[in-house]
Amino acid sequence: MKRASSCMFSLALACGGGGGETTTDAGSTSTDATGTTTETGTSTDPGTSTETGTTDTSTSIAPTSTSDPTTTDTPPTGTSTDATTTDATTTTGTTTGAIDPPMSLEDVVDGELELIADGHMFTEGPIWSPEGYLLYSDIPANTIFRWSEGEQASAFINPSGNSNGLAFDLEGRLLAAEHGGRRISRRVIGEQNAETLAGEFEGQSLNSPNDIAVRSDGTIYFTDPPYGIQPNQQELDFQGVFRIDPQGQLSLIADDFDRPNGIALAPDESLLYVADTNAEHVRVFDVQADGDAVGGQVFVDLQSDQPGNPDGMAVDAFGDLFVSGGGGVRVVTPAGELLGTIQVPEQVTNCKFGDPDGKALFITAQARVYRIRLKVQGA
């Protein structure tokens, strides 16, 4: 079915925003929310940059919250204006679903934004486990947290190497883009020690690996901006996008990014999307049979006057791209048309699909983690 043209409808959530404070962790390097580095900790993406562009119109929907041991400041609640929304805690597996590609944001969203964790320093890298739980990083806390339905979020891996993006490989091992370790690591769940898959390129240390995507043949793609290091610690003279092939060989895909950040594959794995945070756009590469990726033209310009630039991303089964930043999570069709923005009351850092049926979007937003039920399923 042909989609309607892009609309600027957005789903707004009436509650207070999160902080943009500097976050630190003793013993490693860090950047604060504006990209300024300090020598006492590690942090992630620029955080507080402001975009220029057109503001979406919005309909107010307030987030609900669930009990969490770290909750310190729950945003104010309100009344939903969407008659079809339901509580995500009671609708798992029962959402409407979508047969045709969504043509508006209303065809995507099927629930209210729900606060599931609070009180963190700077969250990133959400990933849903086939075992039925969510993992996410708190970068300056040097910890990977675990959350599951009916349970409170708890520390799962510490130290984490100041991990950012997370992913699972084909054998269910946890991959982590480590700011502190300046590497892509891999560990068996339940084991503390992790091995290094990539830490150097042509004899020079990586910057601070940020986000990860994994192809069905085991190829690993990752971005490497310098957010987690001091300028004088950078050995590479570029911010790159890399590939680790199934044999473990590291190769460079692109070296012409300003700040490569979120990364995601299309459902058929023919395309690789990479967000460039400072450039405020997403680029697209054609994936070759051997896993190499070529091209890199601009796929969609996402300049906005809302808080946050393009950051972490997720893809649904129709190939729609969910890009964090710009007031929340922006939903973009495979044709590059903006369907709208799932607005979040604070700056979003990343998002990934989850829940047993794959119809929930988990959203990391600095100190907090949210979930919203959708009509579409993750790729």
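Conventions we followed
Counting restarts for each chain: residues are numbered from 1 in the order of the written sequence. Reporting of local features is limited, given that this is a predicted model, to residues whose pLDDT is at least 70; pairs of side-chain atoms are given and counted only at 80 or more, and all residues count toward the totals for whole chains, interfaces and linings. Side-chain metrics in this entry use all non-hydrogen atoms of the structure; hydrogen atoms and water are not considered. Each helix corresponds to a stretch of at least 4 residues labelled H or I by DSSP, and each strand to a stretch of at least 2 residues labelled E; elements are numbered beginning at the N terminus. Relative accessibility under 20% of the residue-type maximum defines a buried residue, over 50% an exposed one, and the middle range a partly exposed one, all with a 1.4 Å probe and only protein chains included. Only the protein chains shown count as cover for residues, and all accessible areas are computed by the Shrake-Rupley method using a 1.4 Å probe. The pairing criterion for strands is at least two bridges between them, as found by DSSP. Only the contacting stretch of a helix is used when fitting its axis, a line to C-alpha atoms as for every element, and angles between N-to-C directions run 0 to 180 degrees. Definition used in this section: a nonpolar core is a set of buried Ala, Val, Leu, Ile, Met, Phe, Trp, Tyr and Cys residues joined via side-chain atoms within 4.5 Å. A score between 0 and 100, pLDDT records how confident the predictor is in each residue. In what follows, residue pairs with any heavy atoms lying within 4.5 Å of each other are defined as contacts. Here the aromatic set is Phe, Tyr and Trp, taking the six-membered ring for Trp, and pairing holds for ring centres within 6.5 Å; pairs whose planes are under 30 degrees apart are stacked, those over 60 apart are edge-to-face, and all others are tilted. Basic side-chain nitrogens of Lys or Arg form a salt bridge, by our definition, when they fall within 4 Å of a carboxyl oxygen of Asp or Glu.

Draft legend 1. Broad picture of the overall build of the chain. Scanning the chain from terminus to terminus reveals 1 helix and 31 strands. Looking at the chain as a whole, 59% of its 379 residues are labelled buried. Of the roughly 13600 Å² of accessible surface on the chain, 46% is carried by carbon and sulfur atoms.

Draft legend 2. How the structure looks around the pairing of strand S13 (residues 183–187). For S13, the tally of buried residues reaches 5 of 5 residues, placing the bulk of the element in the interior. Judged by which residues are buried, S13 turns out to be covered on both faces: Arg183, Ser185 and Arg187 on one side and Ile184 and Arg186 on the other are all buried. Both strand S12 (residues 174–178) and S13 contribute to a ladder of 5 bridges, which runs antiparallel. Bridged to Leu174 within S13 is Arg187. Connecting S12 to the antiparallel partner S13 that follows it, the hairpin turn spans 4 residues, and Arg182 within it adopts a positive phi of roughly 55°. One ladder, built from 3 bridges, connects S13 with strand S14 (residues 195–198); its direction is antiparallel. Each bridged residue has a counterpart across the sheet, and for Ser185 the counterpart in S14 is Thr196.

Draft legend 3. Seen up close, the sheet that holds strand S24 (residues 293–301). If you walk across this open sheet you meet the 4 strands as S21-S22-S23-S24, and the pairing is antiparallel. The sheet is open, and its two edges are formed by strand S21 (260–265) and S24, each paired on a single side. The average undirected angle you get between the axes of adjacent strands in this sheet is 25°. The sheet contact formed by S21 and strand S22 (residues 271–276) spans 4 bridges and is antiparallel.

Draft legend 4. How the structure looks around the nonpolar core. Counting 22 residues, the largest nonpolar core has Val108, Phe322, Ile342, Leu361, Ile363 and Leu374 as the members making the most contacts within it. Elements with a contribution of two residues or more to this core: strand S27 (328–332), strand S28 (338–343), strand S29 (350–354), strand S30 (360–365) and strand S31 (368–373). Broken down by element, this core gets its largest block of residues, 3 residues, from S30. By size, the runner-up hydrophobic cluster in this structure holds 15 residues, among which are Tyr273, Val284, Leu302 and Val332.

Draft legend 5. Looking closely at unusual backbone geometry. Cis geometry is adopted by the peptide bond preceding Pro159, which originates at Asn158 and carries an omega value of 0°. A positive phi angle, near 60°, is found at Asn142, a position not held by glycine. Relative to the helices and strands, Asn142 resides in the loop between strand S8 (133–138) and strand S9 (143–147). By relative accessible area, Asn142 is classed as buried at 15%.

Draft legend 6. Region of the structure containing the pairing of strand S20 (residues 250–257). Two strands pair when backbone bridges link them, and strand S19 (residues 239–244) and S20 are joined in this way by 5 bridges, in the antiparallel orientation. Paired with Ile244 across the two strands is Leu250, which belongs to S20. Connecting S19 to the antiparallel partner S20 that follows it, the hairpin turn spans 5 residues, and Gly248 within it adopts a positive phi of roughly 90°.

Draft legend 7. Region of the structure containing the confidence of the model for the chain. Averaged over every residue, the pLDDT of the chain is 81; residues scoring 70 or more account for 74%. Scored below 50 in pLDDT, residues 64–96 shows 82 contacts in the model against residues more than four places distant or in partner chains.

Draft legend 8. Expanded view of the packing of aromatic side chains. One pass over the full model with this rule turns up 11 aromatic pairs. When the ring of Phe257 is compared with that of Phe285, the centres are 6.2 Å apart and the planes differ by 25°; the resulting orientation is stacked. Of this pair, Phe257 sits in strand S20 while Phe285 sits in strand S23 (residues 281–287); the two residues are 28 residues apart in sequence, bridging distant segments of the chain. Of the two residues examined, Phe257 and Phe285, each falls in the buried class. Summarising the aromatic geometry, the rings of Phe322 and Phe353 are spaced 5.2 Å apart at their centres and angled 85° between planes, so their arrangement reads as edge-to-face. Of this pair, Phe322 sits in strand S26 (residues 321–324) while Phe353 sits in strand S29, and the two are 31 residues apart along the sequence.

Draft legend 9. Layout of the sheet that holds S20. Spatially, the 4 strands line up as an open sheet ordered S17-S18-S19-S20, and their pairing is antiparallel. Each of the sheet's edge strands pairs with one partner strand only, and the pair in question is strand S17 (212–214) and S20. Strand-to-strand twist in this sheet, taken as the mean axis angle between neighbours without regard to direction, amounts to 20°. Of the pairings in the sheet, the one linking strand S18 (residues 220–224) to S19 comprises 5 bridges and is antiparallel in character. Within S19, the position partnered with Ile220 by the bridge is Ile244.

Draft legend 10. Spotlight on the pattern of salt bridges. Applying the stated rule across the entire model yields 15 salt bridges. Of the charged contacts in the structure, one is a salt bridge between Asp355 and Arg373, with a shortest N-O distance of 3.0 Å. One end of the pair, Asp355, is in the loop between S29 and S30; the other, Arg373, is in strand S31, with 18 residues separating them in the sequence. For Asp355, a relative accessible area of 4% corresponds to the buried category. On the basis of relative accessible area, Arg373 is assigned to the buried category, the value being 0%.

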